[in-house]
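# Inside the fold
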Amino acid sequence: MLWNTAAELHAALNDLPVVLLLLALVFDILGGALKRESLRAAGFWTLVAGAGGAVLALVSGLRAEDSIEHGGSVHLVLERHETLAIVTTVLFGGLALWRIIRYRGMTKNERPAYWVVGALGALFLIWTSHVGGTIVYRHGGGIPTSVMEGALQERSTGHAHASGEEHEHPASSGDSTAPAGMTPDSIAPPDTAAHQHDQ
């Protein structure tokens, strides 16, 4: 199977709507500034596709949240990411609906308001993506405990590089490869006991 977990499916889906929605805003602004209908059309279709992709990313993220192993601190970040994702999806869904209804009839006074809402949506989109990234790269959320234990054990034994592939490893006391507050013997920080969601 291409994706073994809901978290992997979410990771595969969440990048495309980010690109499409940001491009949609760029196309719309350039189309308005240059008075190019082709750019406005590109903005319309990338917005519609991006909003649809955002819905898919949101649904897959909600499924992933209920299935991944995580502790208390990760749970707080997950909740923040979920809230931002919902706000962002609603914003871009509203923009897409706005464009569908007013595709041909948007007035000159209406366009700046549309761009402001789009810029606000872009800020939420970037913020949502950043918070989502910290779940994995700062807290290890979404990585099964058995996989993390194996990775930490493997890192602790070191490895060899082929000629020309050398790179520096971070130097710190104890296990230099374990995330902050984590060791091979203690995967979860002491203040973040694992918990389960009510189904």
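Scroll up a little and you will see the structure.
The structure reproduced in this document is the subject of the present report. (Residues numbered from 1 in each chain as written. Predicted model: local features only at pLDDT ≥ 70, side-chain atom pairs only at ≥ 80, totals over all residues. Heavy atoms only, no water.)

## Overview of the overall build of the chain
Which entries qualify depends on this criterion: Segments assigned H or I by DSSP are reported as helices when at least four residues long, segments assigned E as strands when at least two residues long, and all are numbered from the N terminus. Think of it in three bands: residues with accessible area under 20% of the maximum for their type are buried, residues over 50% are exposed, and the middle band is partly exposed, with areas taken using a 1.4 Å probe on protein chains only. A contact between two residues is defined here by any heavy atoms of the two lying within 4.5 Å. To be clear on the numbers: accessible area is Shrake-Rupley with a 1.4 Å probe, and residue cover counts the displayed protein chains and nothing else.
Within the chain one finds six helices and zero strands. Each helix and strand of the chain, placed in order from N terminus to C terminus, yields the pattern α-α-α-α-α-α. Taking all 199 residues of the chain together, the buried fraction comes to 33%. Counting only contacts in the chain whose residues sit at least 6 apart along the sequence, the fraction spanning at least 24 positions is 71%. Roughly 12300 Å² of accessible area belongs to the chain as shown, and the carbon and sulfur atoms make up 63% of that amount.

## Digging into the pattern of salt bridges
As a working rule, side chains carrying opposite charge can pair if their charged atoms are close by. Spelled out, the test is: Think of a salt bridge as a Lys or Arg side-chain nitrogen and an Asp or Glu carboxyl oxygen that are within 4 Å of each other.
Within the structure shown, the criterion is met by three salt bridges. The salt bridge partner of Glu37 is Arg40, with a shortest N-O separation of 3.7 Å. Taken together, the residues Glu37 and Arg40, both in helix H3 (residues 37-65) and three residues apart, mark about one turn of the helix. Of the residues examined, Arg40 reaches a relative accessible area of 19% and is grouped as buried. Between Arg102 and Glu110 there is a salt bridge, and its shortest N-O distance comes to 2.8 Å. Here Arg102 falls in the partly exposed class, since its relative accessible area comes to 30%.

## Comments concerning the nonpolar core
Filter applied, for reference: Buried residues of nine kinds, namely Ala, Val, Leu, Ile, Met, Phe, Trp, Tyr and Cys, make up a nonpolar core once their side-chain atoms join them within 4.5 Å.
Among the nonpolar cores identified, the biggest contains twelve residues, and these are Val18, Leu21, Ala24, Leu47, Ala51, Ala54, Phe92, Leu95, Ala96, Met106, Tyr114 and Leu125. Apart from the residues lying within four places of it in its own chain, the contact partners of Phe92 are Leu21, Leu47, Ala51, Gly118, Gly121, Ala122 and Leu125. Core analysis: the second largest hydrophobic core is formed by seven residues, Ile68, Val77, Leu78 and Leu84 among them.

## Some thoughts on the packing of helix H2 (residues 15-34) against helix H5 (residues 110-137)
Applied cut-off: The axes are straight lines fitted to the C-alpha atoms, using for helices just the contacting stretch, and the angles between their N-to-C directions are given from 0 to 180°. Roughly parallel refers to an angle under 35 degrees, roughly antiparallel to one over 145, roughly perpendicular to one between 65 and 115, and oblique to any angle outside these ranges. Each crossing gets its handedness from the near helix: less than a right angle anticlockwise from the far helix is left-handed, clockwise is right-handed. Just so you know the grouping, Ala, Val, Leu, Ile, Met, Phe, Trp, Tyr, Cys and Pro go in nonpolar, Asp, Glu, Lys and Arg go in charged, and all remaining residues, Gly too, go in polar.
With their axes 10 Å apart at the nearest point, H2 and H5 run at an angle of 155° to one another. In terms of orientation, H2 lies roughly antiparallel with respect to H5. For H2 against H5, the interelement crossing comes out left-handed. Of H5, the residues touching H2 (which contributes Val18, Leu21, Leu22, Leu25, Asp28, Ile29 and Gly32) are Tyr114, Trp115, Gly118, Ala119, Ala122, Leu125 and Ser129. Of the residues assigned to the contact of H2 with H5, the class counts are ten nonpolar, three polar and one charged.

## Description of unusual backbone geometry
Unlike most non-glycine residues, Lys35 shows phi in positive territory, near 55°. Its location among the elements puts Lys35 in the loop between H2 and H3. Accessibility expressed as a relative area gives 63% for Lys35, which makes it exposed.

## A short note on the packing of aromatic side chains
Condition: The pairing test for Phe, Tyr and Trp rings, Trp by its six-membered ring, is centres within 6.5 Å, and the orientation test on the planes gives stacked under 30 degrees, edge-to-face over 60, and tilted for anything in between.
By the definition in use, this model includes three aromatic pairs. Ring geometry for Phe44 versus Trp45: centroids 4.9 Å apart, planes at 80°, classification edge-to-face. Phe44 gets classed as buried once you look at its relative accessible area, which sits at 9%. Note on Trp45: relative accessible area 57%, which makes it exposed.

## Some details on the side chain of His10
Put simply, the test is: Two N or O atoms form a polar contact when they lie within 3.5 Å of each other; inside protein one atom must be a possible hydrogen donor and the other a possible acceptor, and for residues adjacent in sequence the pair counts only when both atoms belong to side chains.
Within the element layout of this structure, His10 appears in helix H1 (residues 6-13). A polar side-chain atom of His10 sits 3.0 Å from a polar atom in the side chain of Ser60. Once you skip the residues sitting within four places of it in the chain, His10 turns out to touch Ala57, Ser60, Gly61, Ala64 and His81.

## Quick notes on the packing of H2 against H3
Running from N to C, H2 and H3 point in directions that differ by 160°, and their axes come no closer than 7 Å. In terms of orientation, H2 and H3 fall into the roughly antiparallel class. For H2 against H3, the interelement crossing comes out left-handed. Class assignment for the residues of the contact of H2 with H3 results in 16 nonpolar, six polar and two charged.

## Considering the side chain of Thr134
Tracing the backbone through its elements, the reader meets Thr134 in helix H5. If we skip the residues at most four places from it in the chain, Thr134 touches Val77 and His139.

Everything listed here is a matter of coordinates, which is why it stays silent on function.
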